[in-house]
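# Observations on the model geometry
Take a look at the letters that make up each chain.
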Amino acid sequence: MSAMRRAIYPNRNFKILMLGLDNAGKTTVLYQLLNGGSPPTLPANEETVQLTRRVSFTIHDVGFQQPITRASLDNLFQDNHCQDLDGLIFVIDSSDQSRFEVAKRILRRILSSHDMTGVPVVVFANKQDLPQAVSPLEVTNSLSLSQVRHVQGTSATDGSGLTEGMRQLRRLVREFRQ
Ligand code: G3D
Ligand code: MG
């Protein structure tokens, strides 16, 4: 963060939200980022953690059990941790093409929420280590959403791609907030 930004936002805490269908790999990503893979003691489903001193990270399953509705999204975004977001990570299980369509529909709905205007979105095309995984390029093509600024191939179980994905997100957040 530049000196000027620090002057404007002395203790600015950046808020990143990570969403995806259940089983996409969100918890595994979080554990890698926090702890190099070992599970910290956190409650299961919805979590907000301090990733670094300045970055808080909220993770949430979408489309689990019941289909996501405008109301349930509004609820999510009214949560203090999801207001005034700096960035969104959407995690996709690249090995499960049968759920791409529903993931796309949910992501599109999230992006059309007014709270999301301009917020940078990075997709993690996760589970790249599995033989049946489709490539990040194919994930990009099947999502075809212009607000998605970067699609990063990842394997959360061994951590590959996560550093690069977070670097890209940081770059986009910096651009967005300047
Ligand atoms: P979620 O939090 O999005 O619901 P999880 O997803 O992080 O709980 O992961 C769901 C399952 O996928 C877990 O397997 C986890 O180990 C596995 N997984 C996550 N990321 C990867 C990946 O990159 N590659 C592979 N091969 N598996 C991954 P279990 O068996 O524990 O349910
Ligand atoms: Mg989880």
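Quick caveat, the model's predicted, so the values are computed rather than measured.

The rules behind these values
Residues numbered from 1 in each chain as written. Chains lettered and ligands numbered in written order. Predicted model: local features only at pLDDT ≥ 70, side-chain atom pairs only at ≥ 80, totals over all residues. Heavy atoms only, no water. Patch = residues over 30% accessible without salt bridge, like charges linked within 9 Å, V, L, I, M, F, W, Y side chains within 5 Å. Areas by Shrake-Rupley, 256 points an atom, 1.4 Å probe, with all protein chains shown as cover. Salt bridge = Lys/Arg side-chain N within 4 Å of Asp/Glu carboxyl O. Lys, Arg positive; Asp, Glu negative; His and termini not counted. Charge placed at Lys NZ, Arg CZ, Asp CG, Glu CD. Helix = DSSP H or I, 4+ residues; strand = E, 2+ residues; numbered from the N terminus. Buried < 20%, exposed > 50% of the residue type's maximum accessible area, 1.4 Å probe, protein only. Pairing = 2+ DSSP bridges. Axes fitted to C-alpha atoms, helices over the stretch in contact; angles between N-to-C directions. Contact = heavy atoms within 4.5 Å. Expected span 1.5 Å × (residues − 1). Arc of directions from axis to C-beta. Right-handed = clockwise from strand over helix to strand, strands pointing away. Near = heavy atom within 4 Å. Polar contact = N/O pair within 3.5 Å; in protein donor to acceptor, adjacent residues only side chain to side chain. Nonpolar A, V, L, I, M, F, W, Y, C, P; charged D, E, K, R; others polar.

### Considering a positive patch on the surface
- Together, Arg 70, Arg 105, Arg 108 and Arg 109 line one region of the surface with positive charge.
- Sorting elements by how many residues they give to the positive patch places helix α4 (residues 100-111) first, with three residues.
- Here Arg 109 lies in helix α4.
- When its relative accessible area of 33% is taken as the criterion, Arg 109 is described as partly exposed.

### What about the sheet that holds strand β1 (residues 14-20)?
- The mixed open sheet is built from six strands, whose spatial order is β2-β3-β1-β4-β5-β6. Strands at the two margins of the open sheet, each flanked by one partner only, are β2 (47-50) and β6 (148-153). On average, adjacent strands in this sheet sit at an angle of 20 degrees to one another, irrespective of strand direction.
- Bridge count between β1 and strand β3 (residues 55-61): seven bridges; the pairing is parallel. Pairing of Leu 17 across the sheet is with Thr 58, part of β3.
- Contacts from α4 reach β1, β4 (87-93), β5 (121-126) and β6, with the element oriented near 170 degrees to β4.

### Re the pattern of salt bridges
- Under the criterion given, the structure shown has seven salt bridges.
- Across the salt bridge formed by Asp 93 and Lys 127, the nearest N and O atoms sit 3.2 Å from each other. Of this pair, Asp 93 sits in strand β4 while Lys 127 sits in the loop between β5 and α5 (136-143), placing them 34 residues apart in sequence.
- For Asp 93, a relative accessible area of 13% corresponds to the buried category.
- Relative accessible area serves as the criterion here: at 18%, Lys 127 is assigned to the buried category.

### Notes on helix α6 (residues 162-177)
- In this model α6 runs 22 Å from its N-terminal to its C-terminal C-alpha over 16 residues, within 8% of the 22 Å that 1.5 Å per residue would give.
- Among the residues of α6, those classed as buried are Leu 162, Gly 165, Met 166, Gln 168, Leu 169, Leu 172, Val 173 and Arg 177. What you see down the axis of α6 is that its buried residues fit within an arc of 160 degrees, all on one side.

### A look at the pairing of β4
- β4 sits mainly inside the fold: seven of its seven residues count as buried.
- Judged by which residues are buried, β4 turns out to be covered on both faces: Gly 87, Ile 89, Val 91 and Asp 93 on one side and Leu 88, Phe 90 and Ile 92 on the other are all buried.
- As paired elements, β1 and β4 share five bridges and run parallel to each other. From the neighbouring strand, Met 18 faces β4, where its bridge partner is Ile 89.
- In this structure, β4 lies alongside β5, joined through six bridges in parallel fashion. Among the inter-strand pairings, Val 91 is bridged to a residue of β5, identified as Phe 124.
- Handedness of the crossover joining β4 and β5 through α4: right-handed.

### Section: the site of ligand 1
- Around ligand 1, a shell composed of 16 residues is seen, among which Asn 23, Lys 26, Thr 27, Thr 28 and Asp 129 lie nearest.
- Contact between ligand 1 and Ser 155: an oxygen atom at 3.4 Å from a side-chain N or O atom of the residue.
- Between ligand 1 and the protein, one listed contact pairs an oxygen atom with a backbone N or O atom of Ala 156 at 2.8 Å.
- Relative to its unbound accessible area of 660 Å², ligand 1 is 65% covered by the protein chains.
- Per-class residue counts for the shell around ligand 1 are four nonpolar, seven polar and five charged.

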